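Residue-level structure breakdown
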Amino acid sequence: GGASLWRCTNVRASFNISWSRVRNAGTDYISAIGVAPGNSDIVWVAQNDGRIDKSTNGTAAAPTWSVIDDNGVTRNPLPDRYCTRLVVDPIDHDTVYAAFGGFSTDNLWRTTDGGVTWHDITGVGATGLPDAPIRGVALHPSRRGWIYVGTEVGVFASADGGNTWATNNEGPNAASVDELNFMHGSTVLLSATHGRGLWTSPTDACLSDFNGD
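Just so it is clear, the structure is predicted and the values come from calculations on it, not from any experiment. Along each chain, residue indices are assigned from 1 in the same order as the chain's sequence is written. A pLDDT threshold of at least 70 governs which residues receive local features in this predicted model, and a stricter bar of 80 or more applies before side-chain atom pairs are shown or counted, although totals over entire chains, interfaces and linings include all residues. Processing note: side-chain calculations cover all non-hydrogen atoms of the structure and skip hydrogens and water entirely.

All right, on to the overall build of the chain then. A count of helices and strands for the chain gives 0 helices and 17 strands. Reported as C-alpha extents along the three principal axes, the dimensions of the chain are approximately 50 × 45 × 30 Å. When the 213 residues of the chain are sorted by exposure, 46% land in the buried category. By definition, residues are in contact when any of their heavy atoms lie within 4.5 Å. For the chain, contacts bridging at least 24 residues in sequence account for 39% of all contacts bridging at least 6. Asp and Glu are treated as the negative residues and Lys and Arg as the positive ones, with His and the ends of the chain left uncounted. Every charge is mapped onto a representative atom, which is NZ of Lys, CZ of Arg, CG of Asp or CD of Glu. With 14 positive and 22 negative side-chain charges, the chain shows a spacing of 6 Å between the two charge centroids. We count a stretch as a helix when DSSP gives it H or I for four or more residues in a row; a strand needs E for two or more, and each element gets its number in order from the N terminus. Burial classification: accessible surface area is computed with a 1.4 Å probe over protein chains only, and a residue below 20% of its type maximum counts as buried, one above 50% as exposed, and the rest as partly exposed.

What follows is the structure, encoded as C-alpha cells:
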C-alpha cells in the first residue's frame, strides 16, 4: 500500500517478480491493509484520513471496491483520522476490528456484519482503554473474545470481547507498542515496543507476565 494498492502473486520467485495495481489512488495514502485469513478475496484498506474500503473479490484481476467509510460523503460511521490497523477475524470474516491513532476515547471499533454497522469497544472508566493511539491488535488464536491491543502506553487485554480491559505492571510497562502479534502456530503473544525491545508472553491467562526476549 502506498498511494495505490498493489498485489504481487510471485513474491517468492527468484526473478521477474511482478506487481499489479488493484486499487487506484484514493483521497490519501494507505495506512492499513487487512486480508481475511483463509480467504484472500476479502481485503480491507484504510487511508490516513480515515476512509475505509472493502473488496470481496480481491484476487480478481480488477477487484471491485465498496465504501465502508468515506468521511461523510455517503457514509461516516468511524472516526475521521488515521486508521492504524484492520484485523479480520479468522473464524468469522464478517467480524473486523479497526484501530485508530490520536489521543481519543474511541480508538477501537468492531463490526460483526461486514462493515454495515460498527460499535466502539474501548470500554469506559477504570475498565476502559486509555485515551491513547492503538498501533497493534491481536486476536487470541483459540479463545474467542480475547482481544489484545498495543497502545502508546502499553499492552491491554480483554477477555469479554472488548467490554472491559486490563493491563499489568510486568514487562514493558507503559512502553509505546509499535506492533502486536501472536507468534505463528502458538499462543505466545509478541510485543514490539518503541525503544524497549521485543517481549513475549504466554497467554494461558488473559494477561500473563511478559518475558524480555
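On to the pattern of salt bridges, then. By definition here, a salt bridge exists when the distance from a side-chain nitrogen of Lys or Arg to a carboxyl oxygen of Asp or Glu is within 4 Å. Under the definition given, this model contains 6 salt bridges. Where R85 meets E179, a salt bridge forms, and the shortest distance between an N and an O atom there is 2.8 Å. Remark: E179 occurs in strand β14 (residues 177–182) and R85 occurs in strand β7 (residues 83–88); sequence separation between them is 94 residues. Residue classification places R85 among the partly exposed positions, given a relative accessible area of 22%. Exposure remark for E179: the relative accessible area of 28% places this residue in the partly exposed category. The partner of R144 in a salt bridge is D89, with the nearest N and O atoms 2.8 Å apart. Of this pair, R144 sits in the loop between β11 (134–139) and β12 (147–151) while D89 sits in the loop between β7 and β8 (96–100), and the two are 55 residues apart along the sequence. On the basis of relative accessible area, R144 is assigned to the exposed category, the value being 51%.

Note on placement: S4 falls in the segment before β1 (5–7). Of the polar contacts made by the side chain of S4, one reaches the side chain of R21; its length is 2.8 Å. Separated by 3.2 Å, the side chain of S4 and the backbone nitrogen of A25 make a polar contact. Polar contact criterion, stated in full: a pair of N or O atoms within 3.5 Å, where within protein one must be able to donate a hydrogen and the other to accept it, and residues adjacent in sequence count only if both atoms are side-chain atoms.

Bringing the environment of I30 into the picture now. The residue I30 is located in strand β3 (residues 30–36) in this model. Judged by its relative accessible area of 12%, I30 is buried. When the C-alpha positions of I30 and D49 are compared, they lie 8.9 Å apart, and in sequence the two are 19 residues distant. Setting aside residues no more than four positions away along its own chain, I30 makes contact with G1, G2, A3, S4, L5, R23, V45, A46, Q47 and N48.

The next point concerns the sheet that holds β11. Strand order in the open sheet formed by 3 strands is β11-β12-β13, and the pairing between neighbours is antiparallel. Unpaired on one side and paired on the other, β11 and β13 (154–158) mark the two borders of the sheet. Ignoring which end each strand starts from, the neighbouring axes of this sheet average 20° apart. In short, DSSP must find at least two bridges between two strands for them to pair. In this analysis, axes come from line fits to C-alpha atoms, helices being fitted only over the stretch in contact, and the angle between any two N-to-C directions falls in the range 0 to 180 degrees.

Grouped together as the largest cluster of nonpolar side chains are 16 residues, with contacts concentrated most on W44, I52, L86, F100 and W118. Contributing elements (two or more residues each) for this core: β3, β4 (39–47), β7 and β8. When near neighbours in sequence (up to four residues on either side) are disregarded, F100 contacts I52, L78, P79, R81, Y82, C83, T84, N107, W109, P133 and I134. We define a nonpolar core as any set of buried Ala, Val, Leu, Ile, Met, Phe, Trp, Tyr and Cys residues linked to one another through side-chain atoms lying within 4.5 Å.

Right, let's talk about unusual backbone geometry for a bit. Positive phi, close to 55°, is recorded for N16, a residue that is not glycine. Of note, N16 is situated in the loop between β1 and β2 (20–23). You can call N16 exposed: its relative accessible area is 62%. For N71, which is not glycine, the phi torsion reads 65° and is therefore positive. Take N71: it is sitting in the loop between β6 (66–69) and β7. On the basis of relative accessibility, which here comes to 24%, the residue N71 falls in the partly exposed class.

This paragraph deals with the sheet that holds β4. Across the sheet, 4 strands lie side by side as β3-β4-β5-β6; this open sheet has antiparallel pairing. Each end of this open sheet is capped by a strand with a single partner; those strands are β3 and β6. Going from strand to strand, the sheet's axes swing by 25° on average, the running direction of each strand aside.

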